[in-house]
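Each chain, letter by letter, is given below.
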Amino acid sequence: MGLGYISDNGSFIFPVDEELTPKELKYFIDYYQSNVRKEYVDDLNLYRGDHAILHKPGKIGNRPDNRIVANMAHYIVDTFNGYFIGVPPKITLDKTDQDKKLQSWNNANSFQDKLSEASRLADIYGRSYMLVYQDENKQTCVAVSDTRTSFTIYDDTISHEPLAFVRYSYDSSLKLHGNVYFAKKYYRFDGEISFDEPKPNVYGVVPAVEFYDNEDRQSVFDNVKTLINALDSALSQKANQNEYFDNAYLKILGLALPEDDDGNPQVDIDDNQIIYSPDAKSNEADVSFIDKPDGDNLQENFIQHLTDLTYQISMVANLNDAAFSGNSSGVALQYKLLPMKNMAANKERKFTQALRQLFRIVFSAEQVLGSGTKDKWQDLSFQFNRNLPINMADEASTVANLTGIVSQETQIGTLSFVDDPKKEMQRIADEQDSKMQQAKRSLADYSDDRIKQDKK
């Protein structure tokens, strides 16, 4: 692959003191298209329910051939992603005026929705990308880039800084199209890759960020793929056996049926499940089903073991478990959720780092917050809240107990149903001011009435 190579976690690395030429870039794209993209397509198919069992060769004859898909990958991804980011994280700045501009930009770009999508794709593929760009009105925008046709090239320093971000596609005639973004410029290519007509990159850094759950870039179901396929096979085999032993056979003994020129009876024996013999003494034959061994318990135990192992190894809780609907204590339920909480905590650290880098790019154009705000990404606060059923009474009690111990903003920030603590504080201040003004007006009216009465 030219001067570049692939790290242990599947990242593309290129020497920092070498020039990334069109030829070197083509090496990366060819390798990605031939090797990496196939793995991501398989991951997406597993998530969508297009499992390997659906593509196995069909069975010969008329034996049952059920293909049952237990889409555990979809359940694992959506459960974990909903738990991690079902409640949008709070992204705030200290200064009220700047925070208002930030929230306005987030809303205009549907940023929380795009962040949720980037999180879901990271759970499916092990990584996802968000690209910052200027729209036709030269406004700073952000978009999720398809992991199957996007990748970042990092330098070979110890910090692995981004060297370039690549987005590509092939049309129906297999002609290559795409963009490659560098820190100071970017190029568009159609057909042959060329670096002849650069366009300026207003951000001054590679305008894309990679999001991932863990350093190994593993998806949440990477470690349970074989278990998912085994569960599909076990369920399908059980259905086949149930159907096979439920089928009834028609027995025709001692009766000669019309035959064709080859001496075969003119009836479809196989498809109609018929046992036939023209021999008159054949009615004395012993033709019956051999008793089926009772393996139902064995099959059920195997299926249950596969299901339990899938949840255990993926570390995603089975929310349909009886423990979550019974009378288990809160501490017991917390222990059930502990593996998923630990995985989410690790993902939160990775996402916080990626978000800070993303807003570093967004703020560099000085459009969102105004001039002189390039470094405000360092002042951002990120608060992630797990999406769990909440007890508002307990939260309110906790907030009340924090009075005098922490700031009002920290108090309000502990309430999971408050999206923006600063805005909530402003609402409280506005309400108090409104009450003060109303009290002043009431007092003034009362004083005027007393003066009028005294004059009388």
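Residues numbered from 1 in each chain as written. Predicted model: local features only at pLDDT ≥ 70, side-chain atom pairs only at ≥ 80, totals over all residues. Heavy atoms only, no water.

This part covers the overall build of the protein chain. On a plain count of helices and strands, the protein chain comes out with 10 helices and 14 strands. Within the span of the protein chain, comprising 456 residues, buried residues form 37% of the whole. Sequence separation of 24 or more characterises 60% of the internal contacts of the protein chain that already satisfy a separation of 6 or more. Per element, the accessible surface of the protein chain, about 26,200 Å² overall, is 49% carbon and sulfur. (Helix = DSSP H or I, 4+ residues; strand = E, 2+ residues; numbered from the N terminus. Buried < 20%, exposed > 50% of the residue type's maximum accessible area, 1.4 Å probe, protein only. Contact = heavy atoms within 4.5 Å. Areas by Shrake-Rupley, 256 points an atom, 1.4 Å probe, with all protein chains shown as cover.)

Turning next to the sheet that holds strand β9 (residues 185–190). Within the open sheet, the 7 strands sit side by side as β1-β2-β6-β7-β8-β9-β10. Their pairing is mixed. The open sheet terminates on both sides in strands that have one partner only, identified here as β1 (5–6) and β10 (199–200). Along the sheet, helix α1 (residues 22–48) makes contact with β1, β2 (12–14), β6 (150–155), β7 (162–170), β8 (176–181) and β9, crossing β7 at roughly 60°. (Pairing = 2+ DSSP bridges. Axes fitted to C-alpha atoms, helices over the stretch in contact; angles between N-to-C directions.)

Considering every residue of the protein chain, the mean pLDDT works out to 87; 88% of them sit at 70 or more. Within the protein chain, the lowest mean pLDDT, 71, falls on strand β12 (residues 250–253), and the highest, 98, falls on strand β11 (residues 208–211). (pLDDT = per-residue confidence, 0-100.)

Turning our eyes to something else, we now look at helix α2 (residues 72–85). Under the 1.5 Å per step criterion, the end-to-end length of α2 is 20 Å for 14 residues, consistent within 8% with the ideal 20 Å. The buried fraction of α2 amounts to 10 of the 14 residues, a majority that puts the element mostly inside the structure. Taken as a whole, α2 has its buried residues at M72, A73, I76, V77, T79, F80, N81, Y83, F84 and I85. (Expected span 1.5 Å × (residues − 1).)

Another point: the packing of α2 against helix α4 (residues 111–125). One can describe the packing of α2 onto α4 by two numbers: an axis separation of 10 Å at closest approach and a directional angle of 140°. Taken as axis vectors, α2 and α4 run oblique relative to one another. Read as a crossing pair, α2 and α4 show a hand that is right-handed. In this structure, α2 uses V77, F80, N81, F84 and I85 to contact α4, whose residues at the interface are L115, S116, S119, R120, D123 and I124. The class makeup of the residues in the contact of α2 with α4 is 6 nonpolar, 3 polar and 2 charged. (Parallel < 35°, antiparallel > 145°, perpendicular 65-115°, else oblique. Left-handed = near helix turned anticlockwise from the far one by under 90°. Nonpolar A, V, L, I, M, F, W, Y, C, P; charged D, E, K, R; others polar.)

All right, on to the nonpolar core then. Residues F111, F151 and F359 are the most contacted members of the largest nonpolar core, which totals 86 residues. Discounting chain neighbours no more than four positions away, the residues touching F151 are F12, F28, I29, Y32, Y129, A164, F165, V166 and Y168. (Core = buried A, V, L, I, M, F, W, Y, C linked by side-chain atoms within 4.5 Å.)

Our next topic: helix α3 (residues 96–108). The terminal C-alpha atoms of α3 lie 18 Å apart, and with 13 residues this matches the ideal 18 Å at 1.5 Å per residue to within 8%. Among all positions of α3, only Q98, D99, L102, Q103, W105 and N106 are buried. Each buried residue of α3 lies within a common arc of 160° when the element is viewed along its axis, so the set occupies one face. For α3, the exposed residues lying more than 90 degrees away from the buried face are K100, N107 and A108. Count one or two residues on from α3 and you reach S110, which has phi positive near 50°. (Arc of directions from axis to C-beta.)

We now examine the pattern of salt bridges. Evaluated as defined, the whole model comprises 18 salt bridges. One salt bridge connects E210 with R127, and the closest N-O pair in it is separated by 2.9 Å. Taken together, the residues span a long stretch of sequence, with E210 in strand β11 and R127 in the loop between α4 and β4 (128–134) at a distance of 83 residues. With respect to class, E210 is no different from R127; both count as buried. A salt bridge links K350 to E215; its shortest N-O distance comes to 2.9 Å. Here K350, found in helix α7 (residues 330–364), pairs with E215, found in the loop between β11 and α5 (225–246); they are 135 residues apart in sequence, far enough to count as distant. On the basis of relative accessibility, which here comes to 16%, the residue K350 falls in the buried class. Its relative accessible area of 41% is what places E215 among the partly exposed residues. (Salt bridge = Lys/Arg side-chain N within 4 Å of Asp/Glu carboxyl O.)

Now for unusual backbone geometry. Not every positive phi belongs to a glycine, and L174 is a case in point at roughly 65°. Position of L174 relative to the elements: it lies in the loop between β7 and β8. Overall, the relative accessible area of 68% leaves L174 in the exposed class. You will see that R217, though not glycine, has its phi angle at about 55°, which is positive. Positionally, R217 belongs in the loop between β11 and α5.

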